[in-house]
4 protein chains.
Amino acid sequence: MQDTQVTGADAPAATPLGVGMVGYAFMGAAHSQGWRTVGRVFDLPLRPAMAAVCGRDPAAVREAADRLGWAATETDWRDLVVRDDVQLVDICSPGDSHAEIAIAALEAGKHVLCEKPLANTVAEAEAMADAARRARARGQIAMVGFNYRRVPAMTLARKLVADGRIGAVRHVRVTYLQDWLVDPEAPLTWRLDRERAGSGALGDLGAHIVDLAQFVVGDAIVGVSAMTETFVPERPALAGAVGGLGGAAGQERGPVTVDDAAVFTARLGSGALASFEATRMAAGRKNALRLEINGERGSLSFDLERLNELYFHDESVHGEEAGFRRILVTEPGHPYLEAWWPPGHALGYEHTFAHQARDLVQAIAAGSDPAPSFDDGLQVQRVLAAVEESAEKNSAYTPVQGVQ
Amino acid sequence: MQDTQVTGADAPAATPLGVGMVGYAFMGAAHSQGWRTVGRVFDLPLRPAMAAVCGRDPAAVREAADRLGWAATETDWRDLVVRDDVQLVDICSPGDSHAEIAIAALEAGKHVLCEKPLANTVAEAEAMADAARRARARGQIAMVGFNYRRVPAMTLARKLVADGRIGAVRHVRVTYLQDWLVDPEAPLTWRLDRERAGSGALGDLGAHIVDLAQFVVGDAIVGVSAMTETFVPERPALAGAVGGLGGAAGQERGPVTVDDAAVFTARLGSGALASFEATRMAAGRKNALRLEINGERGSLSFDLERLNELYFHDESVHGEEAGFRRILVTEPGHPYLEAWWPPGHALGYEHTFAHQARDLVQAIAAGSDPAPSFDDGLQVQRVLAAVEESAEKNSAYTPVQGVQ
Amino acid sequence: MQDTQVTGADAPAATPLGVGMVGYAFMGAAHSQGWRTVGRVFDLPLRPAMAAVCGRDPAAVREAADRLGWAATETDWRDLVVRDDVQLVDICSPGDSHAEIAIAALEAGKHVLCEKPLANTVAEAEAMADAARRARARGQIAMVGFNYRRVPAMTLARKLVADGRIGAVRHVRVTYLQDWLVDPEAPLTWRLDRERAGSGALGDLGAHIVDLAQFVVGDAIVGVSAMTETFVPERPALAGAVGGLGGAAGQERGPVTVDDAAVFTARLGSGALASFEATRMAAGRKNALRLEINGERGSLSFDLERLNELYFHDESVHGEEAGFRRILVTEPGHPYLEAWWPPGHALGYEHTFAHQARDLVQAIAAGSDPAPSFDDGLQVQRVLAAVEESAEKNSAYTPVQGVQ
Amino acid sequence: MQDTQVTGADAPAATPLGVGMVGYAFMGAAHSQGWRTVGRVFDLPLRPAMAAVCGRDPAAVREAADRLGWAATETDWRDLVVRDDVQLVDICSPGDSHAEIAIAALEAGKHVLCEKPLANTVAEAEAMADAARRARARGQIAMVGFNYRRVPAMTLARKLVADGRIGAVRHVRVTYLQDWLVDPEAPLTWRLDRERAGSGALGDLGAHIVDLAQFVVGDAIVGVSAMTETFVPERPALAGAVGGLGGAAGQERGPVTVDDAAVFTARLGSGALASFEATRMAAGRKNALRLEINGERGSLSFDLERLNELYFHDESVHGEEAGFRRILVTEPGHPYLEAWWPPGHALGYEHTFAHQARDLVQAIAAGSDPAPSFDDGLQVQRVLAAVEESAEKNSAYTPVQGVQ
């Protein structure tokens, strides 16, 4: 006997939550994988439905929708944010578009997930945070996409710090090292254009590590001293490229208007000392987001290139047996891991987007405050602004503007 | 203007390939994730459609279908294998069921993907390989699910060996260490019952490393000398469990009828020496499939707990600069990586199932020989049988029966 | 005011212990460094005095004495072992000379330190152990130079096992991988000649790991199953070399009469399973003596290429915080470390010889039983003999002859 | 026949070089090991003779001389520096004594080796560098003891940079992390007293990493931006201690007048960005001097806790095979290694002192310029002064005073 009952192709949870996504490049693909997967793995209070994706080129967005699994397409985000089948707008477009789209979506009564950095300027971020606070009063959720908080090892690290397992924090050191600009002949892209990208390694990589450090430590940066550098000030322009996207490198050269690298020291509210480095010029380092925190009772260490591992030194262990232990963060008791595979079966980069989706859906269903909120995103933006200000002022210590 | 064209929720490729899966526990969930993802990431010649899933408990299988994304359910695999909308049968049930299901599916004209180990006995595996050979003549594909071949680092390792980058192979050493039986009070499950599981660590973990070593080296094991051990011969029986699944440990104890661990040495066709160890008793080792190969011109080293990394020593590098280099296997030129994320963005365990699905779909579309074939699975089974025979014969060197 | 009191150039302890060393190549140089250093670092009950060194070539041995710090020279070991200023004979010559020298030294009333392996044959080792037992009754000490027991991490490992920190041992896996014979054109040396060296990788590297594994675990190997291999059966003969030493590779080729590699599995008295591999053919591995022990309550792991580190997994640690911890074995509470540098300041290979010298001098002063004794060395020899016997008998499990 | 020719207990080279050492604590013991060993391992043009050691307490210095192997003792350094049998004065006393002793020794016509940091103030360092320059004209050598330059991996790193193997340097990041002040109840020692020690982590650890980074890169720091911190401003005073040395912690507390930690960013002459961190507050880090350099053609990475290893990424390697390779710096072709053990046999911390002694003896014999010279030491002092000045000036970028 054949049981021919056809069940829904989508996830089983009762009430749907329609998602509309803007942008479908790298981040859009990663978010799509998160949305496709989250309801298959986690028990969710709402059922995410991939309602529509938006892009300017009709043919391209249709192809992307088919490939990534979105039910419909839009070519103007203004149409997307007012669709009836969209309750959540997921913004994966470049930073210069974030403010306008997010504010419109919030004003249209939608929940919003906005990729990091929240905006290209503090002013934009402030407007977004204002809109989010007003929307919050109406029950809407606005979250910023600092997905590395959702690496299980990082969530565990935050828990260990919060539980006092390393005591009062003394030192934080974080780097985010990539190498895709090492070659001086690598072409200009929109990411090297201040108008589009806001800043360079600072906004792209620095935003991640500022948020992540503050998240894990549970404390805020209060001031910074910074140096930034553009090692290669001119690069081959992309011939025939529209908006700096695609195309091959041509004969002409154009100016790089963002930083290649930023190094800065910082103080946290507790008085802890921190150092940060973000660069696209570290030959051989592909995704080396490394974080180490030293406290009065212990230390933690992490490298995103080995994202299933957290290193923990517990000062209370007898000296002859003490040492950094490598925690393979794949146990059922670890954050997010109850839903995945048996111990020792590694997760990857993209799982952070499923985790982010889970947390967001839960916050929407519960009406609870999102984390990271747009206020959190604004605070990161203010840290980045202080970094740029300090770099311009001869590295002078520059307080971060208060968000409260 | 709203573009309301609704595209299919499934992948875009033209001709569908209906998949019917038997079993929906750990392996079924992993395969489902592979089927859901493969068409979203890779360009495929056929469009996999998750047609139906089969399990004995009607309510449970329906719940699983909803959760995992299967369109329909069956409660008898005999019904599944004859469904018109199923062209490929994916067998994820325990080893004692493989032969009957696979042969029936092949005789029903279906392609087959069968989880490892191919069977619990050589006799069953021979029957399956016979059926597969007959079906192959009719244009059907039968593949065995040695998914670790699809870890990009392992595919790259095979390529390096095949390209002569390490020269003639001298040594192979492989371990697969887990620790879920370290506690002597861990209860009896079906995996500790010879009737259900065939063998213990040997069939579960040993099958993986035998296949993987042969795959990477491109050579076959011709004889073995082995020791096996059951360190904890009795364990608490699962009270009230049906078929040994679920239930809490009770007062009664029952016998463990499979091995906890197997260690064996081997010779490959080329004369290389190999050593293998499979155990569930290695405290602290969660998924430590480690492989090292030493050749006349170089060496390779790998650990599944860090599955994005392959270590390669190139003997031709000048001595003062020589050393094992850590290749982060996340570059676009690495196997399978063209479809995923930028360099340095880690993949996880489950990606192997999407890769396996890709390779299988491509083989079906092209009508090309599958790898690993049922003959390959049979050969692994014969190696495992030789291991058991050697262990019974005082570790005497025992040739592996020829598959040709 | 000038304090011109000239103190002894040698160490300060009261009673001298005259040392006479046979051989001054690699091992002789290493032992000399141990003897020169031990009294400068450790508080010793006797003052080692480097009385005389012995070698056949008068000019060469005189040069060596000057360079290494020996007060006098001998060209016949028979003269050395009867010198009045020698109380301890330190044998660093090739294995085929050990038995004759050691027995003569013991019969001359001297203490003896003999490099490993104790002898080239079990018969020689038995004669040596007999002589040592007789001498022990006269108050003499005979120790065999398994110096890796004196790597602080290994001494700590033994202590952790003995203290029950990893519980009952289930698995032992040890490799000793080197690569100096990878090149098939590497010339014949005395180490490749069975007459001189006894065996190849087995006696040279295998002896170390057999002793070390038994030492750390505190248990004896009771039987083995083995394969050995000579991958390159002929190599260029050394033109003009006397006794296979020195000289450049010539046109002629000669046979390699020892093993290039040996792999074997073993059972310990407790029932634990062990695997061993010794090879000179592992490209890129320079001194990879790796040891891992899995017990019911924890695990230990070590690599001689990182000899200041011991990895320890403690099964009693809460699962979410568990993991192998890297103990940097440089704390003052660690074995031998009280005499050296502050924490984190690494020791090297040669320190094992100073530690060995310390333990030997203390045993001589206290009249306590030496460890490892010649009986221990004999037992290792019997394990190696069982390995060769098993390899000849088709890998059949071969019990180790009892030493008691 | 007995060859009773008694050779010298000291090294064999013809012309002796009498060494007189001031201080015999940690550094004195380490230098002594270097002097005892250097002539036994390396072929030297002069024969170092350990003529005399100097300390204030007559009994203690005599005990130290006996233990460490010095022929005579002095209780006043003024007597030591004029001894006829002393040609080289080796200064291992605290930093506040360096200037006076070094200048007197130079004026007495002696060669000088002075421990780092060269002095406690820039003014002292300038006077010392002046004296050294004058003495240089008379043929004398003055070297400062930045021993980490003599870690073979660091010498190799400098060579690789100098040979252009990593191209133009973009980034330098260096930390020196220790943890001996993590406990707030750790007592006051002279190292926490500005009068004696000059500064805290900055002068002790920061001096090392400033010199090492400049040495490896072959470039000078031209400006810095800094933060320093004393996390624990009061600690238990040592009851009954004379001069802050020894004694147990008492009831009273005293102020810590030096930094616990210093973090600073820097620019090198080439425009490269650098970051530095020196701390005694990094729980679990014992001697974590870590250095990474990213250049246009490659990168280097090092950790003093694994001092036999250098990691090298070569950008010119084909992308699919690229990766940081772990060079085990124990090959005969590596710096200093020709004199030591076979490949893979690790060196330790103390070997740096033998290497330093070798280089110094060779410079003295050849009359060649020493490296690092007192000018080099002065320049490091100026960097440290700029760090302190920047920390006082709100982290403002502070140029390093020119040494030329």
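By the naming in an unreviewed UniProt entry, chain A is Gfo/Idh/MocA family oxidoreductase, taken from Streptomyces triticagri.

Q: Break down the overall build of chain A for me, citing the residues and quoting the values.
A: Each helix and strand counted, chain A has 10 helices and 17 strands in total. Taking 22 Å as the expected radius of gyration for a compact globule of 404 residues, we find that chain A reaches 22 Å, a close match to that expectation. Considering only C-alpha atoms, chain A reaches an extent of 65 × 60 × 40 Å along its principal axes. Burial analysis of chain A (404 residues in total) assigns 66% to the buried set. Contacts spanning at least 24 positions in sequence make up 71% of the contacts within chain A whose residues lie at least 6 apart.

Q: A description of the UniProt feature "domain: Gfo/Idh/MocA-like oxidoreductase N-terminal" (unreviewed entry) in chain A should follow, citing residues and the corresponding values.
A: When the UniProt feature table is mapped to this numbering, "domain: Gfo/Idh/MocA-like oxidoreductase N-terminal" (unreviewed entry) covers residues 18-138 of chain A. Summarising residues 18-138 of chain A: 47% helix, 21% strand, and an end-to-end C-alpha distance of 18 Å.

Q: Explain the environment of D:D57 to me, using residue names and the numbers behind them.
A: With respect to the helices and strands, D:D57 occurs in the loop between β2 (47-54) and α2 (58-68). Along the sequence, D:D57 and D:E74 sit 17 residues apart, while their C-alpha atoms lie 9.3 Å from each other.

Q: Residues and numbers for the interface of chain A and chain C, please.
A: Interfaces are often sized by the amount of accessible area the parts lose when they come together. Contacts between the two partners involve 14 residues from chain A, matched on the other side by 14 residues from chain C. Top element by residues in the side of chain A that touches chain C is strand β16 (residues 324-328) of chain A. It accounts for 5 residues. Along the lines of polarity and charge, the residues of the side of chain A that touches chain C split into 5 nonpolar, 4 polar and 5 charged. Of the strand pairs in this sheet, β16(A) and strand β16 (residues 324-328) of chain C are connected by 3 bridges, and their pairing is antiparallel. Paired with A:F324 across the two strands is C:R326, which belongs to β16(C).

Q: Any chance you could break down the sheet that holds strand β4 (residues 88-91) of chain B for me, citing the residues and the numbers?
A: Residues and elements named next belong to chain B. Taken together, the 6 strands give an open sheet; going across it, the order is β3-β2-β1-β4-β5-β6, and neighbouring strands pair in parallel fashion. Unpaired on one side and paired on the other, β3 (72-74) and β6 (142-145) mark the two borders of the sheet. Sheet twist, expressed as the mean angle between neighbouring strand axes with direction ignored, is 25°. Note that strand β1 (residues 16-22) and β4 share 4 bridges and pair parallel. Paired with V22 across the bridge in β4 is I91.

Q: Run through the sheet that holds strand β1 (residues 16-22) of chain A, naming residues and quoting values.
A: Residue and element names in this part refer to chain A. If you walk across this open sheet you meet the 6 strands as β3-β2-β1-β4-β5-β6, and the pairing is parallel. In the strand order of this sheet, the two ends are held by β3 (72-74) and β6 (142-145), each with one partner. With strand direction ignored, the average angle separating the axes of adjacent strands in the sheet is 25°. For β1 and strand β2 (residues 47-54), the ladder comprises 7 bridges, and the chain directions are parallel. By the bridge assignment, V19 is partnered in β2 with M50. In the packing of helix α2 (residues 58-68) onto the sheet, the strands contacted are β2 and β3, and the crossing angle to β2 comes to about 160°. Running over the sheet, helix α4 (residues 98-107) touches β1, β4 (88-91), β5 (111-115) and β6 and is turned about 170° from β5.

Q: Give a detailed account of the pairing of strand β8 (residues 221-229) of chain A, specifying residues and quantitative values.
A: Residue and element names in this part refer to chain A. The buried fraction of β8 amounts to 7 of the 9 residues, a majority that puts the element mostly inside the structure. Bridge count between β8 and strand β11 (residues 261-268): 8 bridges; the pairing is antiparallel. In the strand pairing of β11, E229 is matched with A261. Pairing of β8 with strand β17 (residues 398-399), which is carried by 2 bridges, proceeds in the antiparallel orientation. The residue bridging G223 from the neighbouring strand is P399, located in β17.

Q: How would you sum up the relation of the copies chain A and chain C? Please name residues and give values.
A: Placing chain A over chain C gives an RMSD of 0.0 Å and needs a rotation angle of 180°, together with 0.0 Å of translation along the axis. Each copy turns onto its partner about a two-fold axis. Across chain A, the rotation axis passes nearest the C-alpha of A:R325, at a separation of 1.8 Å. A share of 100% of the interface residues of chain A reappears at the interface of chain C, consistent with the copies meeting face to face through the same patch.

Q: Describe the packing of helix α5 (residues 122-137) of chain A against helix α10 (residues 374-392) of chain A, and please don't skip the residues or the numbers.
A: All names here are of chain A. Running from amino to carboxyl end, α5 crosses α10 at an angle of 165°, the nearest separation of the two axes being 9 Å. Considered as vectors, α5 and α10 are oriented roughly antiparallel to each other. The handedness of the crossing between α5 and α10 comes out as left-handed. Taken together, the residues of α10 that come into contact with α5 (itself represented by V122, A125, E126, M128, A129 and A132) are F374, D375, G377, L378, Q381, R382 and A385.

Q: Could you give an account of the confidence of the model for chain A, with specific residues and numbers?
A: All names here are of chain A. Residues at a pLDDT of 70 or more form 93% of chain A, whose mean pLDDT is 93. A low-confidence stretch, residues 241-246 (pLDDT under 50), is modelled with 10 contacts involving residues beyond four sequence positions or located in other chains. Among the scores for the predicted complex, ipTM is 0.93 and pTM is 0.95.

Q: Explain the domain arrangement of chain A to me, and be specific about the residues and the numbers.
A: All names here are of chain A. On domain assignment, one finds that chain A holds domain 1 (16-147) and domain 2 (151-399). Computed from C-alpha atoms alone, the centre-to-centre distance between domain 1 and domain 2 is 22 Å. Contact with domain 1, which involves 39 residues of that partner, is made by 37 residues of domain 2. Among the elements of the structure, α1 (26-41), β5, α5 and β6 are those that each provide at least two residues to the side of domain 1 that touches domain 2. Counting residues per element, the side of domain 1 that touches domain 2 draws most heavily on α1, which supplies 8 residues. Looking at the side of domain 1 that touches domain 2 residue by residue, the class counts come to 25 nonpolar, 11 polar and 3 charged.

Q: Describe the environment of C:V210, listing the residues and the values that go with them.
A: All names here are of chain C. Structurally, V210 is set in helix α8 (residues 201-217). Residue classification places V210 among the buried residues on the basis of 32 C-beta atoms within 10 Å. C-alpha of V210 to C-alpha of V400: the two residues are 190 residues apart in sequence and 12 Å apart in space. If we ignore the near neighbours within four places in the chain, the residues touching V210 are I221, F276, V380, V383 and L384.

Q: Please set out helix α9 (residues 351-366) of chain A residue by residue, giving values where relevant.
A: All names here are of chain A. The first and last C-alpha atoms of α9 sit 23 Å apart over 16 residues, in line with the 22 Å expected at 1.5 Å per residue. Counting buried residues in α9 gives 12 out of 16 residues, a clear majority hidden from the surface. By the burial criterion, the buried members of α9 are H351, T352, F353, A354, H355, Q356, A357, R358, D359, L360, V361 and I364. In this fold, the buried residues of α9 make contact with β1, α1, β2, β5 and β6.

Rules used in this analysis
Residues numbered from 1 in each chain as written. Chains lettered and ligands numbered in written order. Predicted model: local features only at pLDDT ≥ 70, side-chain atom pairs only at ≥ 80, totals over all residues. Helix = DSSP H or I, 4+ residues; strand = E, 2+ residues; numbered from the N terminus. Rg over C-alpha atoms; globule rule 2.2 N^0.38 Å. Buried ≥ 20, exposed ≤ 12 C-beta atoms within 10 Å, placed from the backbone. Contact = placed C-beta atoms within 7 Å. UniProt positions renumbered as here; feature names shortened; annotations may be inferred. Nonpolar A, V, L, I, M, F, W, Y, C, P; charged D, E, K, R; others polar. Pairing = 2+ DSSP bridges. Axes fitted to C-alpha atoms, helices over the stretch in contact; angles between N-to-C directions. Least-squares fit on C-alpha atoms with pLDDT ≥ 70 in both. Parallel < 35°, antiparallel > 145°, perpendicular 65-115°, else oblique. Left-handed = near helix turned anticlockwise from the far one by under 90°. pLDDT = per-residue confidence, 0-100. Domains from an automatic or database assignment. Expected span 1.5 Å × (residues − 1).

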